[in-house]
Amino acid sequence: MRGTLIICADYESLSLEAARRFASAAEASGRRPFRVALSGGGTPRRLYELLASAEFQRRTPWERVHIFWSDERMVPPDHPQSNYKLARESLLKHVRIPPKNVHPVPATLPPAQAATEYEQELRRHFGRRWGWPEFDLILLGLGDDGHVASLFPGAPALHEKQRWVVSHQPPHLPARITLTLPVLNAARRVHFLVSGENKATALRVAVEGSGHLPAQLVHPKKGELLWLTDSAAVGRLKGLRVELVPAGVSQ
């Protein structure tokens, strides 16, 4: 599998490394818009808090950053499970990003309609009628079952070849909408954030290519693929270039 494994000592170091790479990529974008799809779940919370800190606010050109989401739970925007709420409370309300640069999923609509409208929003923003949008950075988590965004094992959405955004109803969970694999694989950078022992098995299978998990299907065709992990999530891995990041390091 393509990619580089970044092993950080702990969750704090992982979050610092992710924040440093986010800010550096935004700085490197020059004067053009920097388009990011944020991850949901609990893992990116500390990353978002760090990006809202004075150090990273100085380094990040928030006036040029456009925020989207790689997936969303179909719950109200103030619901505890809302990915938008997590980003708003820990990051967006603390930085000087223009409101028009924040593009939340219309999660109060019926799922199929929300997916259609979010795809239309993406197409308007990227100015693409055909082909795929090219995000500058997509942040992704990794489920302990190997799911990525809201692309779950066995889901029909894994085989989507035309749509940018689709809806999905996991068993016993709120409905979701998610970016599709061709969109993930068109990005300039895809950074996985993986923390905790409960992710070790899925991470090993995903990076070694020894199973059939959705995360294994993420192969940016021209872009950078990074697995940003803490030591608890690593276990025994092989086949990737590895960089070690000591505790507390941020450059």
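The following refers to the structure shown. (Residues numbered from 1 in each chain as written. Predicted model: local features only at pLDDT ≥ 70, side-chain atom pairs only at ≥ 80, totals over all residues. Heavy atoms only, no water.)

## A few points about helix α1 (residues 11-28)
The first and last C-alpha atoms of α1 sit 26 Å apart over 18 residues, in line with the 26 Å expected at 1.5 Å per residue. Once α1 finishes, Gly30 follows within two positions and takes phi at roughly 70°, a positive value. (Helix = DSSP H or I, 4+ residues; strand = E, 2+ residues; numbered from the N terminus. Expected span 1.5 Å × (residues − 1).)

## Focus: the pattern of salt bridges
Per the stated rule, a full pass over the model turns up 14 salt bridges. Between Arg124 and Glu121 there is a salt bridge whose closest N-O contact spans 3.0 Å. One end of the pair is Arg124 and the other is Glu121, both in helix α5 (residues 111-126) and three residues apart, which spans about a single turn. Accessibility expressed as a relative area gives 58% for Arg124, which makes it exposed. Glu121 gets classed as partly exposed once you look at its relative accessible area, which sits at 23%. For Asp136, the salt bridge is made with Arg188, and the minimal N-O distance between the two is 3.3 Å. With Asp136 in the loop between α5 and β5 (137-140) and Arg188 in the loop between α6 (181-184) and β8 (189-194), the pair connects residues that are 52 residues apart, well separated along the chain. Asp136 gets classed as buried once you look at its relative accessible area, which sits at 1%. (Salt bridge = Lys/Arg side-chain N within 4 Å of Asp/Glu carboxyl O. Buried < 20%, exposed > 50% of the residue type's maximum accessible area, 1.4 Å probe, protein only.)

## Some words on the environment of His212
Structurally, His212 is set in the loop between α7 (200-208) and β9 (224-230). On the basis of relative accessibility, which here comes to 80%, the residue His212 falls in the exposed class. A C-alpha to C-alpha distance of 8.7 Å links His212 and Gly146, two positions 66 residues apart in sequence.

## Observations regarding the nonpolar core
Phe135 and Phe192 are the most contacted members of the largest nonpolar core, which has 81 residues in total. By residue number, the principal contributor to this core is α1, which donates eight residues. The residues touching Phe192, leaving out its near neighbours within four places in the chain, are Leu140, Gly141, Leu142, Val148, Ala215, Val218, Leu225, Leu226, Trp227 and Leu228. (Core = buried A, V, L, I, M, F, W, Y, C linked by side-chain atoms within 4.5 Å. Contact = heavy atoms within 4.5 Å.)

## Examining the sheet that holds strand β6 (residues 165-168)
In space, the three strands of this open sheet follow the order β4-β7-β6, with antiparallel pairing throughout. Looking at strand neighbours, the two that pair on one side only are β4 (71-73) and β6, the edges of this open sheet. Strand-to-strand twist across the sheet, computed as the mean angle between neighbouring axes with direction ignored, equals 15°. Relative to strand β7 (residues 176-179), β6 runs antiparallel, the two being bridged by four bridges. Bridging across to β7, Ser167 finds its partner in Ile177. Sitting on the sheet, α5 is in contact with β6 and β7, with an inclination near 165° to β6. (Pairing = 2+ DSSP bridges. Axes fitted to C-alpha atoms, helices over the stretch in contact; angles between N-to-C directions.)

## Examining the environment of Asp144
By the secondary structure assignment, Asp144 is in the loop between β5 and β6. Residues Asp144 and Phe192, spaced 48 residues apart in sequence, show a C-alpha to C-alpha distance of 13 Å. Here Asp144 is in contact with Asn198, Lys199 and Ala202, once residues within four sequence places are set aside.

## Some thoughts on the pairing of β5
Here β5 shows no split at all, with Leu137 and Leu139 on one side and Ile138 and Leu140 on the other all buried. Relative to β5, strand β2 (residues 34-38) runs parallel, the two sharing two bridges. Paired with Ala37 across the two strands is Ile138, which belongs to β5. For β5 and β8, the ladder comprises three bridges, and the chain directions are parallel. By the bridge assignment for β8, Leu139 is matched with His191.

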